[in-house]
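# A closer look at the structure
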Amino acid sequence: MVGRLLLVCRLLVRDLRRRRTETVLLLAAITAATATLTVGLALNDIADRPYQQTRTATAGPDVVVTPLETGQAAVDELASLTSAAGVTDHSGPFPIAYLTMTAGGTSAHTVVEGRDAAPVSVDRPAVTDGTWVRPGGVVVERAFADALGIRTGDTVSIDGHPLRVIGTAVTAARATYPYAGWHHPGSILVERGGLVWVDRSDIGTLAGGRPLSYTAKLKLADPAASAEYDVGPHLTTWQEVGYLNGRLYGDARMTLLVGSWLLTGLALAGVAGIVAGRIIGQRRRVGLLKAVGAGPAMIAAVHLAEYLVIGLAAAATGLAAGWLAAPVLIRPSAGLIGSVNAQPPALRTVVAVTALAVTIAVAATLVPVVRAAASSTVHALADAATPPRRRRWRIWLSRRLPTALLIGVRINARRPRRARLVTVNTLITMTALVAMLMVNARVEHFDLGYTELANPRSERMDQALLVVIVVLCVLALINAVVSTWTAVLDARQPLAVARALGATPAQAGMGLAVAQLLPAIPGVVAGIPAGIGLLEVVSTGEVRYPPGSWLLTTALGVLLAIAALTAIPAMVATRRPVVDTLRSAPT
């Protein structure tokens, strides 16, 4: 047993040293999927930290109560709640008006809260620029100010009353822009809007003759118990505020998770292609191992151990890359303070990422490894390709094909599994590109009552989508290059024979290019409806279809890229003299 284990380890180390380029490609393919999954799973945990830091820095309340009643009735209702059992501290009631603010010609729904200059014990907004409230001035929630392009010293208008912006601040009592909770007094229909603070003495003038609402901020003996409160139009817990802030990252998280699925498929195709090439190159070694008495289980263990080691290394690399990249990719809302610190990944993330890496490594290698282990000793030593199945109609058709097309068809007939991997690679790439086109074709309607502003959720999703598309295109490029070079190396002798029988170097090179393009065409065609269907399944909003010209241009671009990637190595391979190629063939 010890001797067999030693043999497996020696062969593993030998293969990793001799095939360093292929090992790096395998590691990169699996790492791309695991790193993306790490960022997607860590997004919620990481994005929640700035809110917790803001809550600590601003003495955030556990419960915010805003009765539907207005005026004195609301004040009376809040008075009974501030002395309820379990409430240890409170601030307010503070007057609130649901008005409209105009800045630089842009108007938006605005929650105006009247505050005193003196600090309170619960909910002390942290001033990030300028000063706190005073008569004649307004303090704007920082994310709202960024969206409207407001800076300290600007002049804004609230329902026709000009006010000077004296500062910006952040709070944990309300969700950041655009989820500040604007609504008509007495209504339960909440609309998007931003938050500002003014001096308590100014809010009556700003509201005009409209009744004022009131709000109170409560601290509980057990903050976790606030989750038991019934969240409604008049009551908000700190957990609900955190959830609303986390919604900014919902689309980005879905994009990263779906991207990790697509990258997993690409990684499977890429790893399977590399492994197939390595197994083909190791057939003679398999035959030698069988000749000296090694059984199928021993041969399978020799090969699987190598890919399991690479898979575990890719899991560790992906976890580290995702852990380091997450703080860079995740930009917290301007309405929060603190930073997105790189914390060690959670245990569930480590388990999920490791399981994904091992699954990719095993799923992509199991079939060729088992097939090689189960092959006969004579067949393994002969190292023969899969003979094409000859049919009369195929022979009749092949006689009428152009030489380049005939060569391409025969190359795919010799290695049908490699052709299927090209189809899968192209299908996944086209699916992702079509989904990206549909996202770019959407029209954002982000209504703030009187104007439309950029949707912060879409901005973060676009950032995540860009990362996914770049990684996916790089991985697809690697897969295409590996597939092309594997085909070139494997087809050297058949192409030399074809040239000896009269085919020109140009026809042989075109034949290799055709061999890659033929299986890519169905992948491109199927990728268009697949991309549309994928976005329809995962999208929560309106789906808009891209123009047909976009889809046609993308499809042609993918096919041209494959042709270009194939043509260069194909032409290089066909420059080698036929005699040298035939002499190097094993006998």
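Here's a quick rundown of the structure. Since the structure is predicted, the reported quantities are computational estimates derived from the model, not experimental observations.

## Observations regarding the overall build of the protein
- A tally of helices and strands in the protein yields 19 helices and 10 strands.
- Long-range contacts, defined as pairs at least 24 residues apart, comprise 83% of the intrachain contacts of the protein with a sequence gap of at least 6.
- Element-wise, carbon and sulfur atoms account for 63% of the exposed surface of the protein, whose accessible area totals about 26,700 Å².

## Concerning the packing of aromatic side chains
- Under the criterion given, the structure shown has 2 aromatic pairs.
- Taking the centre distance of 5.8 Å and the plane angle of 55 degrees together, the rings of W132 and W197 count as tilted. Here W132, found in the loop between β4 (126-130) and β5 (137-141), pairs with W197, found in strand β8 (residues 194-199); they are 65 residues apart in sequence, far enough to count as distant.
- Under the relative-accessibility criterion, W197 is labelled buried at 1%.
- Judged by centre distance (5.8 Å) and plane angle (25 degrees), the ring pair of F144 and Y177 falls under stacked. Separated by 33 residues along the polypeptide, F144 in helix α4 (residues 142-148) and Y177 in the loop between β7 (161-170) and β8 bring together distant segments of the chain. Exposure class is identical for F144 and Y177. Each is buried.
- One cation-aromatic arrangement involves R115 over F94; the distance from NZ or CZ to the ring centre is 4.1 Å.

## What about unusual backbone geometry?
- Positive phi, normally seen in glycine, also occurs at A59, with a value near 50 degrees.
- Relative to the helices and strands, A59 resides in the loop between α2 (20-57) and β1 (63-65).
- On the accessibility criterion, A59 (13% relative accessible area) is buried.
- Look at D123: it is not a glycine, yet its phi comes out positive at around 65 degrees.
- Looking at the element boundaries, D123 is found in the loop between β3 (106-115) and β4.

## Structural notes on helix α3 (residues 71-82)
- An ideal rise of 1.5 Å per residue puts 16 Å on 12 residues; α3 measures up with 17 Å between its terminal C-alpha atoms.
- Along α3, the positions that sit buried rather than exposed are A74, L78 and T82. For α3, the arc enclosing every buried residue in end-on projection is 70 degrees, short of the 170-degree limit, so these residues lie on one face.
- The inward-facing, buried residues of α3 contact β1, β2 (87-103) and β9 (213-220).

## Description of the pattern of salt bridges
- Taken as a whole, this structure holds 9 salt bridges when the rule is applied.
- Notably, a salt bridge pairs K219 with D62, separated by 3.9 Å at the nearest N-O pair. Of this pair, K219 sits in strand β9 while D62 is found in the loop between α2 and β1, placing the two residues 157 residues apart along the sequence.
- Judged by its relative accessible area of 23%, K219 is partly exposed.
- Each of E113, R115, D123 and K217 takes part in a single network of salt bridges with overlapping partners.

## Let's talk about a nonpolar patch on the surface
- Taken together, the side chains of V409, L518, I521 and V525 present a nonpolar region at the surface, about 300 Å² in accessible area.
- A total of 3 residues in the nonpolar patch trace back to one element, the largest contributor, which is helix α17 (residues 505-538).
- Along the polypeptide, V409 turns up in helix α13 (residues 403-414).
- Taking the relative accessible area as the measure of exposure, V409 reaches 35% and is therefore partly exposed.

## As for the environment of L99
- For L99, the position within the fold is in strand β2.
- Here the alpha-carbon distance between L99 and H184, two residues 85 residues apart in the chain, equals 8.9 Å.
- Every residue in contact with L99, bar those within four places of it in the chain, is listed here: A108, H109, T110, V112, I158, D159, W182, L206, A207 and R210.

## So, the nonpolar core
- Counting 47 residues, the largest nonpolar core has I30, V271 and I360 as its most contacted members.
- When residues of this core are traced back to their parent elements, those giving at least two are α2, α7 (250-281), α9 (296-329), α10 (347-374), α14 (416-441), α15 (456-490), α17 and α18 (548-574).
- Sequence-distant contacts of I360, defined by excluding residues within four places in its chain, comprise I30, A33, T264, A267, L268 and V271.
- Counting residues in each nonpolar core, the second largest holds 34 residues, with M101, V112, V198 and L212 among its members.

## Let's talk about the side chain of R55
- For R55, the position within the fold is in helix α2.
- By relative accessible area, R55 is classed as buried at 11%.
- If sequence neighbours within four positions are ignored, R55 has contacts with G60, P61, D62, A172, K219, P223 and W238.

## Quick word on the pairing of β7
- Of all the 10 residues making up β7, 7 are buried; the element is thus mostly covered by neighbouring parts of the structure.
- As defined by bridge partners, β5 adjoins β7 across 5 bridges and the pair is classed as parallel. Looking at β7, one finds that V139 is bridged to G167.
- Remark: 2 residues form the turn of the hairpin made by strand β6 (residues 155-158) and β7, two consecutive strands paired antiparallel; D159 in that turn has positive phi of roughly 50 degrees.

## Some thoughts on the side chain of T171
- Mapping T171 onto the fold places it in the loop between β7 and β8.
- Within the local environment of T171, its side chain forms a polar contact with the side chain of D123, the two groups lying 2.8 Å apart.
- Among the polar contacts made by the side chain of T171, one reaches the main-chain amide nitrogen of A173 at a distance of 3.1 Å.

## Focus: the environment of L535
- Structurally, L535 is set in helix α17.
- On a C-alpha basis, the gap between L535 and V439 in space is 8.3 Å, while along the polypeptide they are 96 residues apart.
- Excluding residues that lie within four positions of it along the chain, L535 makes contacts with A435, M438 and V439.

Rules and cut-offs
- Residues numbered from 1 in each chain as written.
- Predicted model: local features only at pLDDT ≥ 70, side-chain atom pairs only at ≥ 80, totals over all residues.
- Heavy atoms only, no water.
- Helix = DSSP H or I, 4+ residues; strand = E, 2+ residues; numbered from the N terminus.
- Contact = heavy atoms within 4.5 Å.
- Areas by Shrake-Rupley, 256 points an atom, 1.4 Å probe, with all protein chains shown as cover.
- Phe/Tyr/Trp six-rings, centres within 6.5 Å; stacked < 30°, edge-to-face > 60°.
- Buried < 20%, exposed > 50% of the residue type's maximum accessible area, 1.4 Å probe, protein only.
- Lys NZ or Arg CZ within 6 Å of the ring centre and 35° of its normal.
- Expected span 1.5 Å × (residues − 1).
- Arc of directions from axis to C-beta.
- Salt bridge = Lys/Arg side-chain N within 4 Å of Asp/Glu carboxyl O.
- Patch = residues over 30% accessible without salt bridge, like charges linked within 9 Å, V, L, I, M, F, W, Y side chains within 5 Å.
- Core = buried A, V, L, I, M, F, W, Y, C linked by side-chain atoms within 4.5 Å.
- Pairing = 2+ DSSP bridges.
- Polar contact = N/O pair within 3.5 Å; in protein donor to acceptor, adjacent residues only side chain to side chain.

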